[in-house]
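Examination of the molecular architecture
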Amino acid sequence: MVPTRWWHVETIANLERTVFVADAWSAELFWSELAQGDQRYYLTALSRPRGVATHDLTSIVGYAGLAISDDGAYIQTVGVVPHLSGRGVGARLMISLLRRARQLGARSCGLEVRTDNHAARALYHRLGFVDIGQRRGYYQPSGGDAFVMRARPIDTVGYGILLDDRERALPGSALLQP
């Protein structure tokens, strides 16, 4: 995994249309997110054999973003190439974002997830998120409903241990590069 850079945006936007179809973010929205500076943290997951450069866009297999505000954090998006769904890419991205949120002093983290996205909800529950509400018609233009979820407190030693345990249980390995 590497921090998302400008050269990743177009490929991520194309992947977004595959993952989220009607409710996909545009490349412009990703640009806007990256322009927020320290208030945002985005990662790009790469499946990269040795010797392949980080700008090889064919190696992008996932992406995720985090918004930081005061002592709270919010997961903006998580997307994974469909054929790799269920193989730990999304979990690794989430764990990395949650660790970053903790480093930046966040005490809680929230997100929205489609009510019909059972796999994502199961992952979020494993990471300590609980349902706190529902937003009807949240996703546009499809009109899909969303569950609002939150994990707190994420700034405790116990939550750090939970993240470590969840990461150890994942298949394969990952390297977060600066």
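About the cut-offs
Residues numbered from 1 in each chain as written. Predicted model: local features only at pLDDT ≥ 70, side-chain atom pairs only at ≥ 80, totals over all residues. Heavy atoms only, no water. Helix = DSSP H or I, 4+ residues; strand = E, 2+ residues; numbered from the N terminus. Rg over C-alpha atoms; globule rule 2.2 N^0.38 Å. Lys, Arg positive; Asp, Glu negative; His and termini not counted. Charge placed at Lys NZ, Arg CZ, Asp CG, Glu CD. Core = buried A, V, L, I, M, F, W, Y, C linked by side-chain atoms within 4.5 Å. Buried < 20%, exposed > 50% of the residue type's maximum accessible area, 1.4 Å probe, protein only. Contact = heavy atoms within 4.5 Å. Pairing = 2+ DSSP bridges. Phe/Tyr/Trp six-rings, centres within 6.5 Å; stacked < 30°, edge-to-face > 60°. Lys NZ or Arg CZ within 6 Å of the ring centre and 35° of its normal.

Further remarks concern the overall build of the protein. In terms of regular secondary structure, the protein is built from five helices and seven strands. For the protein, the sequential pattern of α-helices and β-strands runs β-α-α-β-β-β-α-β-α-β-β-α. Over its C-alpha trace the protein gives a radius of gyration of 15 Å, about what one expects of a compact globule, namely 16 Å for 178 residues. Seen along its three principal axes, the alpha-carbon backbone of the protein occupies a region of about 40 × 40 × 30 Å. Of the charged side chains in the protein, 20 are positive and 17 negative; the average position of the first set lies 6 Å away from that of the second.

On to the nonpolar core. Counting residues in each nonpolar core, the largest one holds 51 residues, and the members touching the most others are Leu66, Met94, Tyr124, Leu127, Phe129 and Tyr159. At eight residues, the largest contribution of residues to this core is made by helix α3 (residues 89-103). Apart from residues no more than four positions distant in its own chain, Leu127 is found in contact with Met94, Ile95, Leu98, Ala151, Tyr159, Leu162, Leu163 and Arg166.

What follows is about the environment of Asp155. With respect to the element layout, Asp155 can be found in the loop between β7 (144-151) and α5 (157-168). Assessed through its relative accessible area of 39%, Asp155 is described here as partly exposed. Distance from Asp155 to Gly86, taken between C-alpha atoms, is 27 Å for residues 69 residues apart in sequence.

Moving on to unusual backbone geometry. Across the junction of Gln140 and Pro141, the peptide omega takes the value 15°, indicating a cis bond. If you trace the backbone, Pro141 turns up in the loop between β6 (130-139) and β7. Note that the residue after Arg152, namely Pro153, is joined by a cis bond; omega there is -10°. Although it is not a glycine, Asp70 sits at a positive phi angle of roughly 50°. With respect to the element layout, Asp70 can be found in the loop between β3 (60-69) and β4 (72-80). Note on Asp70: relative accessible area 73%, which makes it exposed.

On to the sheet that holds β7, then. Strands sit in the order β1-β2-β3-β4-β5-β7-β6 across an open sheet of seven strands; the sheet is mixed. The sheet is open, and its two edges are formed by β1 (2-3) and β6, each paired on a single side. As defined by bridge partners, β4 adjoins strand β5 (residues 108-114) across three bridges and the pair is classed as parallel. Bridging across to β5, Gly72 finds its partner in Ser108.

Further remarks concern the packing of aromatic side chains. Taken as a whole, this structure holds six aromatic pairs when the rule is applied. Centre to centre, the rings of Tyr138 and Tyr139 are 4.9 Å apart; their planes meet at 85°, and the pair counts as edge-to-face. Connected via pairs of aromatic rings, a cluster forms that spans Trp25, Phe30, Tyr42 and Tyr63. If you follow Arg100 out to its NZ or CZ, it ends over the ring of Tyr41, 4.6 Å from the centre.

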